[in-house]
Structures are given as structure tokens and as C-alpha cells.
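A closer look at the structure
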Amino acid sequence: YRLEGERWALLQSLPHVVAPEDLLEGAHEGAPVVLERGEARKGDDPAEVVVAVGPAFADGIRATIAELGHRDVLDAVVDGIRQAGGTPRLVRVRRAADVAFIAHEGAQLSGSGVALGLQSKGTAVIHRADLEPLDNLELFGMSPLYSLESYRAMGRNAAGYAMGRRVGPVPTELDNFARAKLIVRTTLLHAREIQAVEPGAAPLELERAVPIPSA
């Protein structure tokens with residue numbers, strides 16, 4: 001028995017198929033989102049909240065799995081931190097792709113000891129320097145379901161921890177099938193993040209690039 005014709009065409013028409021080459025197409029195009037400003041050092045501002053991004057964030061990958069641009073995500077997080085009275089600081093962690101280790105390294109650099117770690121696909125963790133890497137204050141693992149307001153709330157919560165205040169819940173939509181629908185895309189995005197890892201590399205200070213208006 002050999003599948004042929006209409007039946008074979010139907011079975012090949014799978015939903016949510018992503019070609020690996022399409023996922024990275026145009027990743028480096030457009031104006032830069034962040035600029036690297038040398039090796040990051042530990043801060044001393046008690047209101048400081050480090051936003052620690054992964055090695056491919058706003059570089060080899062430019063949007064989350066929910067197709068939110070990394071520039072917009074950073075703007076939302078930074079706004080949230082400032083709304084809660086914190087001082088945001090951007091850092092790129094290059095030696096790890098795991099969001100727990102990204103966030104923990106950011107926390108060790110933070111003047112307050114608190115950091116928000118961001119993977120390129122949009123998963124986030126709020127961490128504190130005195131916790132173990134796989135322990136954390138808050139984990140946001142449902143990256144396909146987060147909006148910009150969700151990331152703004154994450155920023156407010158991170159600053160709330162830094163300032164010793166109570167924090168509120170982060171708004172999240174509910175979709176029980178999100179993980180199943182996007183498992184292949186999730187795997188490809190994480191593989192791209194891992195490719196950008198530089199073992200033993202020091203973290204880098206980042207600055208948000210100012211977008212140049214089109215003529």
C-alpha cells in the first residue's frame with residue numbers, strides 16, 4: 001500500500017508547520033534594537049532592576065513566539081519598572097540560554113539583587129541574587145499567551161520585589177492547546193538561542209537603540 005494523490009496531499013497539509021529557514025529569515029534586518037556597551041559590572045543602586053536578555057534576544061531573533069517585537073517588549077518591561085519606582089538596566093547574558101540562569105546572572109549584577117530574565121521566545125523569570133539558579137520569585141512560562149501589558153506587569157512586579165512591596169498577578173490569557181500547537185516553533189527558537197551561546201563569556205551592558213524614523 002502506498003499513499004498517493006489527494007490522501008497523501010491531505011496528510012502533508014499539517015497545521016502550524018514552520019520551516020527552520022523561514023524562522024530566521026530577516027532576523028538581522030532592520031534598525032538595531034539594542035547597542036552593546038562593554039562588559040557589565042555589578043550595580044550599586046538599591047532601586048536598580050536588571051533586565052537580563054538571552055544571547056540571541058534582539059539580535060539573531062527579533063520577536064517572541066507570540067510575534068511581539070523585542071523592541072516593544074523591552075519598552076513595556078522598562079515602562080513597568082519605572083511605573084513601580086525602579087531603575088531599569090539592560091544586560092545581555094551570553095553564556096546561557098536557560099531563562100533561569102539568564103535571570104540569576106542578571107540578579108547577581110543588579111544593585112537591588114533583583115532581575116527580570118527574558119528568553120528570546122518570550123519566557124521570563126523574576127529572580128533574586130540570594131536564591132539558587134533553579135529557584136526564583138516568579139516564573140512566566142506561557143510565552144505564547146503574553147501581551148505587552150503582561151510584560152509591563154512583569155516589570156512592575158520585578159520593581160516591586162526590589163522595593164520590598166507586594167506585587168499583583170500578571171494578566172495572562174488561557175489557551176490549553178498553546179504548548180501543543182507551538183511545540184515545533186518553540187524548539188526551533190530555543191535551538192537558535194543555544195547557537196548564540198558563548199560559553200564563559202562575560203555579560204554585556206546594553207542600551208536601547210533609538211529608532212530612526214522613516215522618511
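Reference entry: report on the structure contained in this document. Here the structure is a predicted model, which is why all the values come from computation and not from measurement. (Residues numbered from 1 in each chain as written. Predicted model: local features only at pLDDT ≥ 70, side-chain atom pairs only at ≥ 80, totals over all residues. Heavy atoms only, no water.)

1. Section: the overall build of the chain
Counting its secondary structure elements, the chain contains 7 helices and 7 strands. If you list the helices and strands of the chain from N to C, you get α-α-β-β-α-β-α-β-β-β-α-α-α-β. Rg of the C-alpha trace for the chain: 18 Å, near the compact-globule value of 17 Å for 215 residues, within the 12% margin. The C-alpha extent of the chain, read off along each of the three principal axes, is 70 × 40 × 35 Å. Relative to its full complement of 215 residues, the chain shows a buried share of 45%. For the chain, the share of sequence-separated contacts (at least 6 apart) that also reach a separation of at least 24 residues comes to 74%. A total of about 11300 Å² of accessible surface is found on the chain, and carbon and sulfur atoms cover 53% of it. (Helix = DSSP H or I, 4+ residues; strand = E, 2+ residues; numbered from the N terminus. Rg over C-alpha atoms; globule rule 2.2 N^0.38 Å. Buried < 20%, exposed > 50% of the residue type's maximum accessible area, 1.4 Å probe, protein only. Contact = heavy atoms within 4.5 Å. Areas by Shrake-Rupley, 256 points an atom, 1.4 Å probe, with all protein chains shown as cover.)

2. Section: the nonpolar core
Counting residues in hydrophobic clusters, the biggest one holds 31 residues, and the most contacted among them are Val51, Leu74, Val77, Leu118, Tyr151 and Met154. Contributing elements (two or more residues each) for this core: β2 (48-53), α3 (70-83), β4 (114-118), β5 (124-128) and α5 (148-163). Those residues in contact with leucine 74 that lie beyond four places of it in its chain are Val33, Val34, Val51, Val53, Phe57, Leu90, Leu118 and Arg208. (Core = buried A, V, L, I, M, F, W, Y, C linked by side-chain atoms within 4.5 Å.)

3. Considering α3
Between its first and last C-alpha, α3 extends 20 Å over 14 residues, near the 20 Å set by a 1.5 Å rise per residue. Within α3, the full set of buried residues consists of His70, Val73, Leu74, Ala76, Val77, Val78, Gly80 and Ile81. Residues of α3 that are buried in the fold lie against β1 (34-39), β2, β3 (87-92), β4, α5 and β7 (204-208). One or two residues past the end of α3 sits glycine 85, with phi positive at roughly 90 degrees. (Expected span 1.5 Å × (residues − 1).)

4. Details of the environment of alanine 124
Note that alanine 124 resides in strand β5. On the basis of relative accessibility, which here comes to 0%, the residue alanine 124 falls in the buried class. Here the alpha-carbon distance between alanine 124 and glutamate 138, two residues 14 residues apart in the chain, equals 8.4 Å. Setting aside anything within four residues of it in sequence, one finds alanine 124 in contact with Val99, Leu116, Gly117, Leu118, Glu138, Leu139, Phe140 and Met154.

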